Amino acid sequence: MTSQRILDFLAAERPDGPCLVVDLDVVRRNFQHLAEAFPATGIYYAVKANPAPEILELLASLNSSFDTASVAEIEMALAAGASPDRISYGNTIKKERDVARAHALGVRLFAVDCVDEVEKIARQAPGARVFCRVLTDGEGAEWPLSRKFGCHTELAVKVLEHAHGLGLDACGLSFHVGSQQCDLMAWDRAVGDARKVFLALGEKNINLSMLNLGGGFPTRYLRDVPATLAYAEAIQSALNRHFGNRLPATIIEPGRGMVGDAGVIKTEVVLISRKSEDDPMRWVYLDIGKFGGLAETMDESIRYPIRTPCDGSETAPCIIAGPTCDSADVLYEKTPYPLPLSLRIGDELLIEATGAYTSTYASVGFNGFAPLPTYIVGGGDDAAAAA
Ligand SMILES: *Cc1c(COP(=O)(O)O)cnc(C)c1O
């Protein structure tokens, strides 16, 4: 699954220490697949998944739009060449002065999920477009985003009514069915809920026009995932079922599905040990762990494919841990990970499908371990540059 270009880069450059290598051609291909599968839908890349400038520049050049969560992310998208009308401030939790800064930078599309957030936007971004995020159950997702964001549908009606009353453009709704969502029906439930809010507001002469379908599009880790086209078909039939011939404009906010499979982390085995001489379980310590960028192994939620130099030889389950002096820095223990018995200290491993939610999750230097560097390959010229 690791692209030849990434393997060539690692063989030629032999970077010391753990690093993430991202192949821009894979990002381009993912964008094109999404754009083909969702031809009438706006694509807002969720910047938080991987904000490397080269990725943002490539996507800006492909006419992607951007879902941002902070003023800094807005500035990154602008620096990459996106115009402000292609940027959504999609975080429902914003300081009022950040709303003002975003407005000054030209951003006119904001997410809300409560009345107080609407008030901030009405004061600092008068006339802006706002969409209300509704709760979903997150069921079926490997990395659920439920509970913290969004409100119940009845409250969403009140929130948007309030926005309308304050002179904002109450334009629509959003939801996020949970990240790494492999249940195609998750969108059906959420679209059905959204339709109820559209109807309730329509009765008050507030006509919503936009439905933000969020992210959730998966990356292939150890198991197959449905194709992008299957998502598009499931979502289109949910829209048809619930909205009939009064379809809203739609947008999607892919993060993981855009960049996950474009990146590979190179790591090294620092130590292999056992807790007693006759303990069958090996502990394999890598030079990267939860604090070096693999935070999504929390609760063993995301299980990455790992390639070793001795793949194909006999394996036995291992506990895999990171290098820091924190006992939370264990990646896989509840479900031990099979690794070759011939694995040796010093061997280099590839942790695949790590393009999303890794580099920015690395601590700034816990225990003195440097943040994870990113190298970019592909994208026209093969010169790699450290980010
Ligand atoms: C994180 C996030 C996304 C991206 O989710 P993925 O599952 O990575 O596609 C999209 N929208 C919002 C509002 C987010 O917070």
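Residues numbered from 1 in each chain as written. Predicted model: local features only at pLDDT ≥ 70, side-chain atom pairs only at ≥ 80, totals over all residues. Heavy atoms only, no water.

Some words on the overall build of the protein chain
Looking only at helices and strands, the protein chain has ten helices and 19 strands in total. Relative to its length of 387 residues, the protein chain is compact, with a C-alpha radius of gyration of 22 Å against a globular reference of 21 Å. Within the span of the protein chain, comprising 387 residues, buried residues form 54% of the whole. Put simply, of all contacts in the protein chain between residues at least 6 apart along the chain, 70% involve residues at least 24 apart. (Helix = DSSP H or I, 4+ residues; strand = E, 2+ residues; numbered from the N terminus. Rg over C-alpha atoms; globule rule 2.2 N^0.38 Å. Buried < 20%, exposed > 50% of the residue type's maximum accessible area, 1.4 Å probe, protein only. Contact = heavy atoms within 4.5 Å.)

Overview of the packing of aromatic side chains
Following the criterion strictly, the structure yields twelve aromatic pairs and no others. Between phenylalanine 38 and phenylalanine 217, the aromatic rings sit 5.7 Å apart at their centres with planes inclined by 65 degrees, giving edge-to-face as the arrangement. With a gap of 179 residues between them, phenylalanine 38 in the loop between helix H2 (24-37) and strand S2 (41-46) and phenylalanine 217 in the loop between strand S10 (210-212) and helix H9 (228-243) connect regions that are remote in the sequence. Exposure class is identical for phenylalanine 38 and phenylalanine 217. Each is buried. The ring of tryptophan 283 carries the charged tip of lysine 275 above its face, separated from the ring centre by 4.6 Å. Looking at arginine 303, its charged tip hangs above the ring of tyrosine 332, at a distance of 5.1 Å from the centre. (Phe/Tyr/Trp six-rings, centres within 6.5 Å; stacked < 30°, edge-to-face > 60°. Lys NZ or Arg CZ within 6 Å of the ring centre and 35° of its normal.)

Focus: the site of the ligand
The ligand sits among 13 residues. The nearest are Lys48, His176, Ser179, Glu253 and Tyr357. Within the backbone of glycine 216, a nitrogen or oxygen atom sits 3.0 Å from an oxygen atom of the ligand. Starting from 390 Å² of accessible surface for the ligand in isolation, the protein chains cover 92%. Taken together, the residues of the shell around the ligand break down into three nonpolar, five polar and five charged. (Near = heavy atom within 4 Å. Polar contact = N/O pair within 3.5 Å; in protein donor to acceptor, adjacent residues only side chain to side chain. Areas by Shrake-Rupley, 256 points an atom, 1.4 Å probe, with all protein chains shown as cover. Nonpolar A, V, L, I, M, F, W, Y, C, P; charged D, E, K, R; others polar.)

Regarding unusual backbone geometry
Despite not being glycine, asparagine 63 has its phi angle at roughly 70 degrees, a positive value. Within the fold, asparagine 63 resides in the loop between helix H3 (53-61) and strand S3 (65-68).

Comments concerning the side chain of serine 174
You can see serine 174 is positioned in strand S8 (residues 169-174). Among the residues examined, serine 174 registers a relative accessible area of 4% and is labelled buried. The contact partners of serine 174, leaving out residues within four places of it in the chain, are Phe131, Cys132, Arg133, Val134 and Asn212.

Some words on the nonpolar core
Considering soluble globular proteins, one finds that nonpolar side chains tend to be buried as a cluster. Core analysis: the biggest nonpolar cluster contains 101 residues, and Tyr45, Phe110, Leu173 and Leu211 have the highest contact counts within it. Here this core takes eight residues from helix H8 (residues 186-202), the largest share from any one element. Each of two domains, domain 1 (90-254) and domain 2 (261-386), supplies a minimum of three residues to this core. When neighbours within four sequence positions are excluded, phenylalanine 110 is seen to be in contact with Tyr89, Lys94, Val99, Ala102, His103, Ile121, Ala125, Ala128, Arg129, Val130 and Phe131. (Core = buried A, V, L, I, M, F, W, Y, C linked by side-chain atoms within 4.5 Å. Domains from an automatic or database assignment.)

Quick word on a nonpolar patch on the surface
Among the surface-exposed residues, Val270, Leu271 and Ile345 lie close enough to one another that they form a single nonpolar patch of about 250 Å² accessible area. Residue placement: leucine 271 occurs in strand S12 (residues 263-273). (Patch = residues over 30% accessible without salt bridge, like charges linked within 9 Å, V, L, I, M, F, W, Y side chains within 5 Å. Salt bridge = Lys/Arg side-chain N within 4 Å of Asp/Glu carboxyl O.)

Looking at the domain arrangement of the protein chain
According to the domain assignment, the protein chain contains domain 1 (90-254) and domain 2 (261-386). Distance between the C-alpha centres of domain 1 and domain 2: 35 Å. Taken together, the eight residues of domain 1 in the interface contact twelve residues of domain 2. The junction of domain 1 with domain 2 conceals about 850 Å² of combined surface from both sides, 66% of it contributed by carbon and sulfur atoms. (Buried area = accessible area lost by both parts, 1.4 Å probe.)

Brief notes about helix H4 (residues 71-79)
Turning to H4, its buried residues are Val71, Glu73, Ile74 and Ala77. Burial along H4 is one-sided: seen end-on, the buried residues are contained in an arc of 160 degrees. On its buried face, H4 is in contact with H3, S3, strand S4 (87-89) and helix H5 (96-104). In the segment just after H4, glycine 81 is the residue with positive phi, at about 110 degrees. (Arc of directions from axis to C-beta.)

A few points about the pairing of S8
S8 sits mainly inside the fold: five of its six residues count as buried. Of the pairings in the sheet, the one linking strand S6 (residues 129-133) to S8 comprises five bridges and is parallel in character. Its bridge partner lying in S8, arginine 133 is registered against serine 174. (Pairing = 2+ DSSP bridges.)

Quick word on the environment of glycine 127
Structurally, glycine 127 can be placed in the loop between helix H6 (115-124) and S6. Separated by 40 residues in sequence, glycine 127 and glycine 167 place their C-alpha atoms 5.7 Å apart. Residues within four places of glycine 127 in sequence aside, it is in contact with Gly167, Leu168 and Asp169.

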